[in-house]
Amino acid sequence: MIAGIDFSLLTVEIFTAALGLGLLIINLIVPGNQRSATGYLTVLGLLGILLVTLSYEGVEKTFMDGMYIIDPFATFFKRLFLVAAILVTISSLPFVKKLGYNEGDFFSLLVFATLGMMVLVSAGELITLYLGLELMTISFYILVSFKKKDAKSCEAGIKYIILSAMSSALLLYGLSLVYGLTKTTIIEQIASTLAAGTMQPLMALGIIFLLAGFGFKISLVPFHMWAPDVYEGAPTPITAFLAVASKAAALAAFVRIFLIGFPAYQEYWITLVIVLSVLTMVLGNLVAIPQTNIKRLLAYSSISQAGYLLLGIVAFSSMGIGAILFFSIIYVFTNVGAFMVVVALSTSTGSHKIEDYSGLYRRAPLLAVVMLFCLLSLAGLPPLAGFVGKLYLFIAVIEKGYIWLALLAVLMSMVSVYYYLLVVKVMFLKEPPQNSGIIKVPNGLQIAMVFSLILIIVLGIYPKPLSDLAMSVAHTFFPFSF
Amino acid sequence: MLEQFTSIGIFIFVGLGFAVSSLLVAWIVRPKRPNPLKMSTYECGLETRGRTWIQFKVSYFLYALVFLVFDVEVVFLIPWAVEFLKLPWIAFIEMFIFIGILVVGLWYVWKEGALEWK
C-alpha cells in the first residue's frame, strides 16, 4: 500500500515541511543575534515552492482511495497560501527584528501553518482534513500569542485557543455524525452514499455542526465573536495571515465538503448558508462603523468579506466557485496590503488608533496611497480589483434568481464605503500631529506594498487572465451550473 | 448477533449484582458509630495549608508535552516493529524520517532549556 503512493505528487507538501524543519534547525545552529535573517531564507524558500507549484498545472490525481486529492482547485489555493505567506513573511521582518527572541521559530511556525492549509485544501477525506485544520490552528495559537510580554497578545492567544477548541469539537462531532450515517470518511463516497437516501434528522444535525464548526474558522456571524479580539491582540502580520489565508483555507475545505460531499441535500443547507451570509454581511459592515482601532475595523471588514464569499456557495454553480476563487486571490492582495500599511505605521508609532493616521499623506505618501487603494478595493469601487471580484459573486447569485440577496450585498457595500472613507478622510484631510516626522518604511515592505498596489489596479482594469484561470479551475472542480 | 449481546448482558448484571450485594452486606453487618471525623468528606493526601489557588510552574506542562510526544512515538513504533519484515524498504526510511523529526524537536526543547528545572 505504501509503495502505491506517488511521492512526486506530494512535492509541494514535502518541500514545505522540509522548509519548516530546516528553519527550526537553522535557528538552533545560528547564534541568537543573527537569527532574524531566517526571514529572508523563508521568503526564498516559499518562492521556490511557489515555482514548484507551477509544474502542477492541470494535474488532477487522487491517491490512497481518495484520501488525498491533487486537483487544480487545491493547487490554486496552495498558490494563494504561498503568496499570502510570502507577503506576510516580508511584512513580519521588522516585527521579528524588534522581537528579540525566538526569531526563527516565528518563521518556522508560519511555514507549518501554511503546510496545514495545504493539507486542508488537498484532503479528500475527513480525518486528513481535520489533521490539516489542526496543524494550521495549533501553529496559529502560538503565532497569535507570540508577543508573550504583551497582555493583549496573550489574551488573544487564550481566547483563540478556547474558542477554536470549541469549534473543533463541534466540527469533530459533525464529522463523526456524518461518518456514522455514511460509514465512510472519504468525501466522494459520502456523496454517493447520500445520493440514494432521504434526509435523516441525524444528518441534519451533522450538517449543522459542520456549518457551525467551519463558521467559526471563517468567522461568520454569529460565530465571529473571537475574531475582533484575536485580530486586535495578535501581531499585525499574523492578523493579516489569519484574516486571509486561514479564512481561505477553511472556506476551501467547506466548499469541498459541502459541494462535493452533500450536493444531495443542497436545498437544506443552502438556506442556512443564505441566513449566515446575510447576517455576516449586515452585522460585519454595521459594527465596523463605530470602530476606532484600525485592526478592529479591518477585522470587522474581513468578517463582512466572508459574507460576500458565501454568496459564491449560495450560487451552487461553477460560476459561484470561480467567483470565490477570484475574490479570494484579490482579497489576499487588498487585505494584506492594508495590513502591511498598519505594520509599517505601528513599527514607527506603536499605535493602532485610527486618529493616529491623521495626515498620513504628508508623513508617508506611499503608505497613504496604498491604504487608500486597498480600502477602496475592499469597498468594491471600480475600477479596482475588489469591484470585479464582487461583481462576479453578485452575478453568480443573480443567475440563480437571488436578486434580493445581490441587492442587499450591494447595499452593504455602500455602507462599507462609508467607514472605509472615514479612514481615508483622516489620512488625507486632517493635519498631521505636531512633532511628527516622516515615517521610514523598510525596503522589503515597500516592494511588497507596491507589488500589491499594482496588482489591485491591474486586476481591476484587466481581470481576464485571472478570471479565466479561476473559472476553468472552478469548472473542473464543480462542472455544474444547475 | 443477539446471542453475543446476551453474554454481555449477563456479564453486566453479574458485575452489578456483585458490587451491589457486597455493599449491601457491608451495610448490614458493619457497626454504626458515626463521629464528626468519620462524617467528613474523604480526600486523599494531606490537608492543605494556605490557599489552594496558587500558580503552578508551567514546566510541568512542558514536561507532560515532551513526554506525550515520545509516548506517541512508541505507539507508532510498535506496529512498525511487529510488521517490520513484511513491510517494503520504504517503510524503514519513513520511520527514520519520523524519528528524525522528533529528534529535531528534542534538540529544540533541549536548547531552549525546557528540560531544566528552573
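Note that this is a predicted model, so its numbers are computed, not measured. (Residues numbered from 1 in each chain as written. Chains lettered and ligands numbered in written order. Predicted model: local features only at pLDDT ≥ 70, side-chain atom pairs only at ≥ 80, totals over all residues.)

(A) Focus on the overall build of chain A. Scanning chain A from terminus to terminus reveals 19 helices and two strands. In terms of overall size, chain A behaves like a compact globule, its C-alpha atoms giving a radius of gyration of 21 Å where 482 residues would be expected to give roughly 23 Å. Principal-axis analysis of the C-alpha atoms places the extent of chain A at approximately 70 × 55 × 40 Å. Partitioning the intrachain contacts of chain A with sequence separation of at least 6 by distance along the chain shows that 81% fall at a separation of at least 24. (Helix = DSSP H or I, 4+ residues; strand = E, 2+ residues; numbered from the N terminus. Rg over C-alpha atoms; globule rule 2.2 N^0.38 Å. Contact = placed C-beta atoms within 7 Å.)

(B) Main features of the overall build of chain B. Helix and strand counts for chain B come out as four helices and zero strands. Each helix and strand of chain B, placed in order from N terminus to C terminus, yields the pattern α-α-α-α. Its C-alpha atoms give chain B a radius of gyration of 26 Å, clearly above 13 Å, the size a compact globule of 118 residues would have. Each of the 118 residues in chain B was classed as buried or not, and the buried ones make up 0%. (Buried ≥ 20, exposed ≤ 12 C-beta atoms within 10 Å, placed from the backbone.)

(C) Local environment of the interface of chain A and chain B. Each partner contributes to the interface: chain A provides six residues, whereas chain B provides eight residues. Class assignment for the residues of the side of chain A that touches chain B results in six nonpolar, no polar and no charged. (Nonpolar A, V, L, I, M, F, W, Y, C, P; charged D, E, K, R; others polar.)

(D) Looking closely at unusual backbone geometry. Residues and elements named next belong to chain A. Val221 connects to Pro222 through a cis peptide bond whose omega is 5°. By secondary structure assignment, the location of Pro222 is in the loop between helix H8 (201-218) and helix H9 (226-233). Geometrically, the link from Pro382 to Pro383 is a cis peptide bond, its omega value of 5° lying close to zero. Its place among the elements puts Pro383 in the loop between helix H15 (365-379) and helix H16 (385-399).

(E) Structural view of the nonpolar core. All names here are of chain A. In terms of nonpolar packing, the biggest core is built from 181 residues, with Ala84 and Ala249 touching the most fellow members. A per-element tally of this core places helix H13 (residues 318-349) first, with 21 residues. Apart from residues no more than four positions distant in its own chain, Ala84 is found in contact with Phe241, Val244, Ala245, Val332 and Val336. (Core = buried A, V, L, I, M, F, W, Y, C linked by C-beta atoms within 7 Å.)

(F) Molecular detail of the environment of Val43(A). All names here are of chain A. In this fold, Val43 is placed in helix H2 (residues 38-53). Measuring from C-alpha to C-alpha, the distance between Val43 and Ile289 comes to 36 Å, with 246 residues separating the pair along the chain. When residues no more than four places from it in sequence are discounted, the contact partners of Val43 are Ile86, Thr89 and Ile90.

(G) Region of interest: the packing of helix H11 (residues 266-288) of chain A against helix H17 (residues 403-429) of chain A. Residues and elements named next belong to chain A. Look at H11 against H17: their axes get within 9 Å of each other, and the N-to-C directions meet at 20°. Between H11 and H17, the angle falls in the class roughly parallel. By crossing handedness, the relation of H11 to H17 is classed as left-handed. For the pair H11 and H17, the contacting residues are Ile274, Val278, Met281, Val282, Asn285, Leu286 and Ala288 in the first and Leu405, Leu408, Ala409, Met412, Val415, Ser416 and Tyr419 in the second. When its residues are assigned to classes, the contact of H11 with H17 shows twelve nonpolar, two polar and no charged. (Axes fitted to C-alpha atoms, helices over the stretch in contact; angles between N-to-C directions. Parallel < 35°, antiparallel > 145°, perpendicular 65-115°, else oblique. Left-handed = near helix turned anticlockwise from the far one by under 90°.)

(H) Summary view of the environment of Leu242(A). All names here are of chain A. Looking at the secondary structure, you find Leu242 in helix H10 (residues 236-261). C-alpha separation for the pair Leu242 and Val417, spaced 175 residues apart in sequence, amounts to 23 Å. Once you skip the residues sitting within four places of it in the chain, Leu242 turns out to touch Phe140, Tyr231 and Ala234.

(I) Focus on the environment of Ala123(A). Residues and elements named next belong to chain A. With respect to the helices, strands and loops of the structure, Ala123 is situated in the loop between helix H4 (103-122) and helix H5 (126-144). For Ala123, a count of 25 C-beta atoms within 10 Å puts it in the buried group. Residues Ala123 and Thr62, spaced 61 residues apart in sequence, show a C-alpha to C-alpha distance of 9.7 Å. Other than its neighbours up to four places away in sequence, Ala123 contacts Tyr68, Thr128, Leu129 and Gly132.

(J) The packing of helix H1 (residues 11-29) of chain A against H4(A), seen in detail. All names here are of chain A. The interhelical angle for the contact between H1 and H4, taken along N-to-C directions, is 165°, at an axis separation of 8 Å. It follows that H1 is roughly antiparallel to H4 by the angle criterion. Crossing angle aside, the handedness with which H1 passes H4 is left-handed. For the pair H1 and H4, the contacting residues are Val12, Glu13, Thr16, Ala17, Leu19, Gly20, Leu23, Leu24, Ile26 and Asn27 in the first and Gly104, Asp105, Phe107, Ser108, Val111, Phe112, Thr114, Leu115, Met118 and Val119 in the second. Across the contact of H1 with H4, the residue classes break down as twelve nonpolar, six polar and two charged.

(K) A look at the confidence of the model for chain B. For chain B, per-residue confidence averages 85 on the pLDDT scale, and 97% of positions sit at 70 or higher. Complex prediction metrics read pTM 0.87 and ipTM 0.77. (pLDDT = per-residue confidence, 0-100.)

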